[in-house]
Amino acid sequence: MILGNGLVVDALVLTVVLSLLPLGTSLVVGLVVAVLQAATQIQEQTLTFVPKVVAVGAVLWFSGEWMFAQLVEYLT
C-alpha cells in the first residue's frame, strides 16, 4: 500500500481542482482568439500566445491566495 489510498486520491483531486482555473482560462481565451482569427483571417502566431499569458496571469493573480490556502490546508 503506497501512502494509503485516501492521501493519493485527495492529492490528485486537489491537483485537478487547482489546475482547472488556469487551464480552463487558457482554453476559453484560446478558443475566442481562434474564432476571431478565423473570422478576420489574421494568422499572427503571437496573437494567440499573448492573450493567453495575460489571462492566465490574471487568473493566478486573483486566485493565487485561494490556491495557496488550499495547498496549505491539504499539507497540514
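Here the structure is shown first, and the text comes after it.
Residues numbered from 1 in each chain as written. Predicted model: local features only at pLDDT ≥ 70, side-chain atom pairs only at ≥ 80, totals over all residues. Heavy atoms only, no water.

**A closer look at the packing of helix α1 (residues 5-40) against helix α2 (residues 46-75)**
Turning to step 1, where the next piece is worked out: Look at α1 against α2: their axes get within 9 Å of each other, and the N-to-C directions meet at 160°. Here α1 lies roughly antiparallel to α2, going by the angle between them. Between α1 and α2 lies a crossing of right-handed hand.
Turning to step 2, where the next piece is worked out: Per-class residue counts for the contact of α1 with α2 are 19 nonpolar, seven polar and two charged. (Axes fitted to C-alpha atoms, helices over the stretch in contact; angles between N-to-C directions. Helix = DSSP H or I, 4+ residues; strand = E, 2+ residues; numbered from the N terminus. Parallel < 35°, antiparallel > 145°, perpendicular 65-115°, else oblique. Left-handed = near helix turned anticlockwise from the far one by under 90°. Nonpolar A, V, L, I, M, F, W, Y, C, P; charged D, E, K, R; others polar.)

**What to know about α1**
Turning to step 1, where the next piece is worked out: The end-to-end C-alpha separation of α1 is 51 Å, in line with the 52 Å expected for 36 residues at 1.5 Å each.
Turning to step 2, where the next piece is worked out: Along α1, the sharpest kink reaches roughly 40°, centred on Leu-20 and followed within four residues by the proline Pro-22.
Turning to step 3, where the next piece is worked out: Burial in α1 covers these residues: Leu-14, Leu-18, Pro-22, Thr-25, Val-29, Gly-30, Val-33 and Gln-37.
Turning to step 4, where the next piece is worked out: In this fold, the buried residues of α1 make contact with α2.
Turning to step 5, where the next piece is worked out: Following α1 by one or two positions, Gln-41 has its phi on the positive side, about 60°. (Expected span 1.5 Å × (residues − 1). Bend = angle between axes of the 7 residues up to and from the residue. Buried < 20%, exposed > 50% of the residue type's maximum accessible area, 1.4 Å probe, protein only. Contact = heavy atoms within 4.5 Å.)

**Describing a nonpolar patch on the surface**
Turning to step 1, where the next piece is worked out: Together, Val-9, Val-13, Val-17, Leu-21 and Trp-66 make up a nonpolar patch on the protein surface, roughly 410 Å² of accessible area in all.
Turning to step 2, where the next piece is worked out: No other element matches α1, which puts four residues into the nonpolar patch.
Turning to step 3, where the next piece is worked out: Relative to the assigned elements, Val-17 resides in helix α1. (Patch = residues over 30% accessible without salt bridge, like charges linked within 9 Å, V, L, I, M, F, W, Y side chains within 5 Å. Areas by Shrake-Rupley, 256 points an atom, 1.4 Å probe, with all protein chains shown as cover. Salt bridge = Lys/Arg side-chain N within 4 Å of Asp/Glu carboxyl O.)

**Here we look at α2**
Turning to step 1, where the next piece is worked out: Of all the bends in α2, the greatest, near 60°, is centred on Ser-63.
Turning to step 2, where the next piece is worked out: Here α2 has its buried residues at Ala-55, Val-59, Ser-63 and Met-67.
Turning to step 3, where the next piece is worked out: In this structure, the buried side of α2 is in contact with α1.

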